[in-house]
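So you can see what is in the structure, the chains are spelled out below.
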Amino acid sequence: MGPLTRIQREARPESMLVNMGPSHPAMHGTIRVMLELDAERILNAEVEVGYLHRGFEKTCEHKTWFSLLPYTDRLNYVSPLINNLAYAMTVEKMLGVSVPERARLIRVLMSEMSRVSDHLTCLAAMAMECGAFTVFLYMMKAREFLWDAIELTAGARMTTSYIRIGGVRADLHSDWRASVAAAVAETRKVLKDVAGLLDRNIIFLGRTRDVAVMSKEDALSFGWTGPCLRSTGVPYDVRKASPYLVYDRLDFEVPVGERGDNYDRYTVRMREMEQSLRLLEQVAALLADAPPLQPGPEIEPAEAVRRSRAVRADSPVRLSPNLEGSERARLGGLMTRDKPVGVPPKEATYTTMEGLIDHFLFFMGGKGIRPPKGDAYFSVEGGNGEVGFYIVSDGTDRPYRLHLRAPCFHVVAALEGLIKGRLVADVIPTFGSMNMIGGELDR
Amino acid sequence: MGPETLIEKIRTGLGEALASVGESFGDTVLTVEAAAVRSALAALREAPFDYAVLLDLTCVDFAAAEGRFELVYHLYSLSRNVRLRVKASVPAADPAVASLSGLWRNADWLEREVFDMFGVRFEGHPDLRRLLTYEGFEGHPLRKSYPWRLAQPRIPMREDG
């Protein structure tokens, strides 16, 4: 026998102990909820997390500032771009660089698409676990359109690594406008359908209305942020409280709930998605299409390297397809020029000696991005709430300490209290409305 | 309340518990004595400071160079919309600090995480045990003395039931 858990020590002899999870079909994410039951009634509960702990923070201490970015994709894996953004902006704060306007707009576009896909995933799973499989399919369909739009530009659906320190990796794909418009239209339609299916659905209401009510005071005491805090009536949103990027110039509202129950957490997310769609349209109107690149003969990288052995190769290098939009002519609007914090343009690397030296000086150990000594905290509004990075730099090419403030950590910490005294069936919608994401919770 | 008046008020409010007031990349940083962490944070939680939210708690290991661990608390005031970083150093030999349980409800899990990762004891914590790793895990992984790729012993099969 292993050591007894708290609930095993405290349980009354006549009550039944039941495990939900770590792998339970009605709980998305690997988490173990231990329940002490009197028939259907939950007398006591204990939540055990950490099944997805993979040493993210430890690993980052051994990676360079540039090369740890892909690890941030895997935190909240439903909205990876917001994690990229939070990390990149924390490092930018330490470096003191400012990002070009176009890159800021693209970052907002990507953040809002991620937020919608995050909310869609949460509500889809929550509804499915309550038996509304149609809602799940509708919302997953809408999410596909959003991820198609993201994939078109970033080249990946989930592990994007698209938002880089100093800017973004590449310009928007030439077809971005149509794909974003399609995603917005499709999501609007799905939101309308889902509202019709759930808003006044007696089964859904029975499982969510006045179930797991969180008071404003408790929510703040638990450090809740994001939609879960707003469902209790506190209008705290990082985008409004301390605006970053161009949010101060955009028009959007912060929806709040009244009761702080499961139903309010559902409606706040639904209404937030509408606001995010509005934001997407505003940003799309502000973003101009990139001017076409000059046509001309292009050569393959290998050919460029061969030619440059004798004399500088002056034809534009044809880059591999996944780097479309990252041509040197485009980088000016996408990457900061304050300090060299981005990967040098590939055209220069393949064709000139200086470019090759720049490339090596960026990637070599001990070189590249090195923020000055000190520590900084910066946060953005993620799908689940305030995504914050606390980073300590000792002036070398690797962070001395990197810590993620994961929003759902604080939300899930309140789960035990919320389900105590309720029925087993209430665990499912309560857990679903919290949007627990193992990647960021367990790190 | 502007930042200067606020810092003056904090100075008078915290008295000797406050070791220094500084700034790092634009963030306000208070350093308090380790023995006064609980009382200082309890004071900051109330009016006129009103830092009602404990945003985050973590720790930094400076054991090798300076022989200390640094606890880092992030507070947020909803009414004044400002964040504050509070730091306290504890000796690496026997790191311990008073728990914040009873003041903020998320302190329970935050302190368990720091205990798990760094081995800092939180005195007065109702149920201080590992959070992200498991019972039987050897060492505290975020200490600098813990090798990055150290393998843990396998957990033997349980023979119950």
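Residues numbered from 1 in each chain as written. Chains lettered and ligands numbered in written order. Predicted model: local features only at pLDDT ≥ 70, side-chain atom pairs only at ≥ 80, totals over all residues.

## Some points on the overall build of chain B
The criterion, for reference: Put simply, DSSP marks the helices as runs of H or I at least four residues long and the strands as runs of E at least two long, and each gets a number from the N terminus on. Put simply, a residue is buried when 20 or more other C-beta atoms lie within 10 Å of its own C-beta and exposed when 12 or fewer do; between those, it is partly exposed, and each C-beta is set from the backbone. Contact definition: two residues whose C-beta atoms, as placed from backbone geometry, lie within 7 Å.
Tallying secondary structure elements over chain B gives four helices and seven strands in all. Reading the helices (α) and strands (β) of chain B from amino to carboxyl end gives α-β-β-α-β-α-β-β-β-α-β. Based on the C-alpha atoms only, the size of chain B along its principal axes is roughly 60 × 40 × 25 Å. Relative to its 161 residues, chain B shows a buried fraction of 40%. A fraction of 47% describes how many contacts in chain B between residues 6 or more apart in sequence connect residues 24 or more apart.

## Regarding the overall build of chain A
Note the following rule: It is over C-alpha atoms that the radius of gyration is taken, and the globule rule equals 2.2 Å times the number of residues to the power 0.38.
For chain A, the count of helices and strands is 20 helices and eight strands. On C-alpha atoms alone, chain A measures out to a radius of gyration of 24 Å, which is about the 22 Å that the 2.2 N^0.38 rule sets for 443 residues. Expressed along its principal axes, the backbone C-alpha trace of chain A runs to roughly 85 × 50 × 35 Å. Here chain A holds 443 residues, and 52% of them are scored as buried. If you take every contact in chain A between residues at least 6 apart in sequence, the share linking residues at least 24 apart comes to 69%.

## Looking at the environment of A290 of chain A
All names here are of chain A. Locating A290 in the fold gives a position in the loop between α12 (262–286) and α13 (301–308). Of the residues examined, A290 has 18 C-beta atoms within 10 Å and is grouped as partly exposed. It is 37 Å that separates the C-alpha atoms of A290 and V135, two residues lying 155 residues apart in sequence. In this view, A290 contacts D171, L172 and R330; residues no more than four positions away in its chain are not counted.

## So, the nonpolar core
Put simply, the test is: Core membership is restricted to buried Ala, Val, Leu, Ile, Met, Phe, Trp, Tyr and Cys residues, and these are joined into a nonpolar core through C-beta atoms within 7 Å.
With 169 residues, the main nonpolar core has M139 and V412 of chain A together with L75 and V120 of chain B as its most contacted residues. When residues of this core are assigned to their parent elements, the largest contribution, 15 residues, is made by helix α5 (residues 101–129) of chain A. With residues up to four places along the chain from it excluded, the contact list for V412 of chain A reads V47, V49, M434, M436 and L441 of chain A.

## As for the interface of chain A and chain B
So the rule is basically this: Gly is put with the polar residues, along with every residue not named as nonpolar or charged; the nonpolar set is Ala, Val, Leu, Ile, Met, Phe, Trp, Tyr, Cys and Pro, and the charged set is Asp, Glu, Lys and Arg.
Contacts between the two partners involve 35 residues from chain A and, on the opposite side, 31 residues from chain B. Going through the elements one at a time, α2 (56–60), α4 (80–95), α9 (216–221), β6 (374–381), β7 (386–393), β8 (399–405) and α17 (407–412) of chain A are the ones with two or more residues in the side of chain A that touches chain B. In terms of residue class, the side of chain A that touches chain B is built from 14 nonpolar, eleven polar and ten charged.

## Some remarks on the sheet that holds strand β1 (residues 16–20) of chain A
Residue and element names in this part refer to chain A. Our working rule: In this description, strands pair whenever DSSP reports at least two bridges between them. A fitted line through C-alpha atoms serves as each axis, taken over the contacting stretch for helices, and the angle formed by two N-to-C directions is quoted from 0 to 180°.
Spatial ordering of the open sheet is given by β1-β2-β3, a layout of three strands whose pairing is antiparallel. Both edges of this open sheet fall to β1 and β3 (41–48), since each of them pairs with a single strand only. Across this sheet, the average inter-strand angle for adjacent strands is 20 degrees, counted without regard to direction. Where β1 and strand β2 (residues 32–38) come together, five bridges link them in antiparallel fashion. Within the sheet, the bridge partner assigned to N19 lies in β2 and is M34.

## So, the confidence of the model for chain B
Cut-off, in case you're wondering: For every residue, the predictor reports its confidence as pLDDT, a number between 0 and 100.
In this model, chain B carries a mean pLDDT of 86, and residues with pLDDT of at least 70 account for 96%. Predicted complex metrics record ipTM = 0.89 and pTM = 0.90.

## Overview of the pairing of β3 of chain A
All names here are of chain A. Inspection of the sheet shows β2 paired to β3 by seven bridges, in the antiparallel sense. Across the sheet, residue L35 finds its bridge partner in β3, namely A45. Hairpin connection, β2 to β3: the antiparallel pair is bridged by two residues, and A39 has positive phi, about 55 degrees.

## Here we look at the environment of D73 of chain A
Residue and element names in this part refer to chain A. Inspection of the secondary structure puts D73 in helix α3 (residues 69–73). For the pair D73 and N84, spaced eleven residues apart in sequence, the C-alpha to C-alpha distance is 6.4 Å. The contact partners of D73, leaving out residues within four places of it in the chain, are P80, N83, N84, M158, T159, T160 and S161.

## Looking at the pairing of β8 of chain A
All names here are of chain A. Most of β8 sits out of view: six of its seven residues are buried. Note: β7 against β8, six bridges, orientation antiparallel. Bridging across to β8, F389 finds its partner in L404. The antiparallel hairpin formed by β7 and β8 contains five residues in its connecting segment, where G395 sits at a positive phi of about 85 degrees.

## As for the packing of α5 of chain A against α12 of chain A
Residues and elements named next belong to chain A. Stated formally: Roughly parallel here means an angle under 35 degrees, roughly antiparallel means over 145, roughly perpendicular means 65 to 115, and every remaining angle is called oblique. Working rule for handedness: look at the near helix, and if it is turned counterclockwise from the far one by less than a right angle, call the crossing left-handed; if clockwise, right-handed.
α12 packs onto α5 with a crossing angle of 155 degrees between their chain directions and a minimal axis gap of 9 Å. Between α5 and α12, the angle falls in the class roughly antiparallel. The interaxial crossing formed by α5 with α12 has left-handed handedness. Residues L105, V108, L109, E112, M113, R115, V116, H119, C122, L123 and M126 of α5 form the contact with α12, whose participating residues are Y266, R269, E272, M273, S276, L277, L279, L280, V283 and L286. Residues that form the contact of α5 with α12 fall into these classes: 15 nonpolar, two polar and four charged.

## So, helix α4 (residues 107–118) of chain B
Residues and elements named next belong to chain B. The criterion, for reference: Here the expected length of a helix is defined as 1.5 Å per residue gap, with one fewer gap than residues.
In a regular helix each residue adds 1.5 Å, so twelve residues correspond to 16 Å; α4 covers 16 Å between its end C-alpha atoms and thus fits that length. Counting buried positions over the twelve residues of α4 gives twelve, a clear majority of the element. Every buried residue belonging to α4 is among A107, D108, W109, L110, E111, R112, E113, V114, F115, D116, M117 and F118, and all of these are buried. Remark: G119 follows α4 within two positions and exhibits a positive phi of approximately 75 degrees.

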